[in-house]
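In case you want the letters, here they are:
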Amino acid sequence: MAANVPAPAAISVDIAPTAEQAGAQAGRLAADVLRRAFAQRGRARVIFASAPSQEATISTLGAAEGIDWSKVTSMHLDDYLGLDPQHPAAFGQWLSDRLPEQAQPGLDRIRTDGEAGAEVERYTQALEAGPIDLVCLGIGVNGHLAFNEPGDTHFNEPALVRQIALAHASRQQQVDEGLFATLDEVPTHALTLTVPAIMRGAVIVCTVLGEPKAAAVAAALTGPIAEELPASALRTHASAHLFLDEAAAGSLPDHFPARRVSTN
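Residues numbered from 1 in each chain as written. Predicted model: local features only at pLDDT ≥ 70, side-chain atom pairs only at ≥ 80, totals over all residues. Heavy atoms only, no water.

Student: What is the right way to look at helix 1 (residues 19–41) in this model?
Tutor: An α-helix turns once every 3.6 residues. As a result, residues three or four positions apart point the same way. The end-to-end C-alpha distance of helix 1, which contains 23 residues, comes to 33 Å, matching closely the 33 Å that a straight helix rising 1.5 Å per residue would cover. One or two steps after helix 1, the chain reaches Gly-42, where phi turns positive at roughly 85°. (Helix = DSSP H or I, 4+ residues; strand = E, 2+ residues; numbered from the N terminus. Expected span 1.5 Å × (residues − 1).)

What follows is the structure in structure tokens.
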């Protein structure tokens, strides 16, 4: 276990029959979180992942009642270096294409067309500008969280944003999910929010879908809380909620405490 790791918290786990149902559940909870933020402060700040696992979550949230997107600041977890910002697989563009039109003015994209160090500083300042009410994310096939990779992650990392070399498994995942045609097209480096930056969110809503993620999910939920598996850090958060489809939950032990959603 990594040094100075907080004690495990009671992570909430819901298992739905289908990916669409799991994402819709996550989106409804996300909407509740934003409505509470409006009631408390009149505004909300949210960080999104940009990945196929987030499609139903974002679409459900985007259609939810009571969300005044003119009062929402949206940020995102990570983005590639060396990729045209308008490329459909660029994470800022992916997110922009899926958020409601009303959310566009409040979307603060990671800029990848300038000097990386300057953008690290700018985005760090943006993160520190106010509380983070909500983080919507997933888990990588190798257990990465954002682009914090196994073997290159520190739970007590002092930085909030950093540059990282992408693991082969993470790059291959982008091909397997249809975001790039070949591995050679996938960038090798990215800017990512660190685990401490993610943990700043008051509520974390994590949606993980599909059998390729099952081993990482089981390890993150039942194995040691360790930097070698970044996603295990979710178990140290006071309000983390994990939404799985049956395929992603397939490697969990039978006795694992989770709520199962009815098909009705």
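This is not the end of the story, as more comes after the structure.
Student: Whenever I open this one, empty space enclosed by the protein confuses me. Can you help?
Tutor: Where empty space is left in the structure can be found by rolling a water-sized probe over the atoms. According to the stated counting rule, one finds 2 cavities of 30 Å³ or more in the structure shown. As a volume, the largest cavity reaches approximately 200 Å³. Around the largest cavity sit 18 residues that line it, and Ser-50, Ala-51, His-144, Ala-146 and Gln-173 are the ones nearest its centre. Looking at the lining of the largest cavity residue by residue, the class counts come to 8 nonpolar, 7 polar and 3 charged. Of the pockets and cavities examined, the second largest cavity occupies roughly 30 Å³. (1 Å grid on protein atoms, 1.4 Å probe; cavity = no way out; pocket = protein on both sides within 12 Å on 5 of 7 lines; lining within 4 Å. Points joined across faces, edges and corners; volume = space filled by probe spheres on them. Nonpolar A, V, L, I, M, F, W, Y, C, P; charged D, E, K, R; others polar.)

Student: Even after reading the chapter, I still don't get the nonpolar core, so can you show me in this structure?
Tutor: For soluble globular proteins, the rule of thumb is that nonpolar side chains tend to be buried together. One finds Leu-77, Leu-137, Leu-244 and Leu-252 to be the most contacted residues of the largest nonpolar core, which totals 44 residues. Counting residues per element, the ones that place at least two in this core are strand 1 (12–16), helix 4 (116–127), strand 5 (134–137), strand 7 (189–193), helix 6 (195–199), strand 8 (203–208), helix 7 (214–222) and strand 9 (240–245). Excluding residues that lie within four positions of it along the chain, Leu-77 makes contacts with Ile-47, Phe-48, Ala-49, Ile-110, Val-135, Cys-136, Leu-137, Ala-146, Leu-191, Thr-192, Leu-193 and Ile-198. Counting 26 residues, the second-largest nonpolar core is a separate cluster that includes Leu-29, Phe-48, Leu-107 and Val-203. (Core = buried A, V, L, I, M, F, W, Y, C linked by side-chain atoms within 4.5 Å. Buried < 20%, exposed > 50% of the residue type's maximum accessible area, 1.4 Å probe, protein only. Contact = heavy atoms within 4.5 Å.)

Student: Please clarify how the pattern of salt bridges should be interpreted in this entry.
Tutor: Any two side chains of opposite charge can pair, given that their charged atoms come close. Scanning all chains against the criterion turns up 10 salt bridges. A salt bridge links Asp-68 to Lys-71; the shortest N-O distance between them is 3.9 Å. Given a relative accessible area of 32%, Asp-68 falls into the partly exposed group. Judged by relative accessible area, Lys-71 falls into the partly exposed class, the value being 35%. The partner of Asp-108 in a salt bridge is Arg-122, with the nearest N and O atoms 3.0 Å apart. With Asp-108 in the loop between helix 3 (91–98) and helix 4 and Arg-122 in helix 4, the pair connects residues that are 14 residues apart, well separated along the chain. (Salt bridge = Lys/Arg side-chain N within 4 Å of Asp/Glu carboxyl O.)

Nothing here speaks to function; it is geometry throughout.
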